[in-house]
Every structure is written in C-alpha cells, then in structure tokens.
Amino acid sequence: GSARESFYDYGKLIAKAPRYEAVRRAESAEAYARALHPAGYSTNPRYGDILVQVMKDYNLMIYDEN
C-alpha cells in the first residue's frame, strides 16, 4: 500500500525467514547485499554486486552503523 509498509514487510521477511540467516549474520553492508541472492531473495546472480555498486555510486556507506 505504501513505501513505509513495503519497508516494514521487507524487514519482517528478512528478520524471520530461516533462509535469510546468512543475510542476518552479514558483518558489512556489502556482505549483506551479496548474501541476498544465495538466500533466494533475487533471481539475478549479480544482484549483490549491483546493489553494492548502487551503494558506492550514491555514497550510501555513510549510513552504515558499523
């Protein structure tokens, strides 16, 4: 229904589904992004690399809490 609901639902999915255990254990934003495809989140095998490139292109690493 809204962007807010979408983010909330994404968070619930990643937090609760057993197949995303490796994603939850990721120790960096890059590792998190690259763990999504093997866990079944995306059908594109380059999904993690694409996500990391977007993070770099827009300097999103400044928001990483680590």
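The structure presented is a predicted model; accordingly, all values stated were derived computationally and were not measured.

Tracing the backbone shows Met61 in the segment after α4 (47-57). Expressed as a C-alpha distance, the spacing of Met61 and Ala29, which sit 32 residues apart in the sequence, is 7.6 Å. Ignoring sequence-local partners within four residues, the contact set of Met61 consists of Ala29, Glu30, Met55 and Lys56.

Counted by the stated rule, this structure contains three aromatic pairs. Relative to Tyr41, the ring of Tyr10 lies with its centre 5.6 Å away and its plane at 85°, an arrangement referred to as edge-to-face. With Tyr10 in helix α1 (residues 3-16) and Tyr41 in the loop between α3 (29-36) and α4, the pair connects residues that are 31 residues apart, well separated along the chain. What makes Tyr10 partly exposed here is its relative accessible area of 25%. We classify Tyr41 as partly exposed; its relative accessible area is 32%. Where Tyr20 meets Tyr41, the ring centres are 6.4 Å apart and the plane angle is 70°; that geometry is what we call edge-to-face. In this pair, Tyr20 is assigned in the loop between α1 and α2 (21-25) and Tyr41 in the loop between α3 and α4, connecting sequence segments 21 residues apart. Three or more aromatic residues link up through ring pairs in this structure, and these residues are Tyr10, Tyr20, Tyr41 and Tyr47.

A separate point is α4. Along α4, the residues that are buried comprise Gly48, Val52 and Met55. Buried residues of α4 fall within an arc of 55° about the axis and therefore sit on the same side. Considering only its buried residues, α4 is in contact with α3. Positive backbone phi, approximately 55°, marks Asn59, located one or two places after α4.

Basis of the calculations
Residues numbered from 1 in each chain as written. Predicted model: local features only at pLDDT ≥ 70, side-chain atom pairs only at ≥ 80, totals over all residues. Heavy atoms only, no water. Helix = DSSP H or I, 4+ residues; strand = E, 2+ residues; numbered from the N terminus. Contact = heavy atoms within 4.5 Å. Phe/Tyr/Trp six-rings, centres within 6.5 Å; stacked < 30°, edge-to-face > 60°. Buried < 20%, exposed > 50% of the residue type's maximum accessible area, 1.4 Å probe, protein only. Arc of directions from axis to C-beta.

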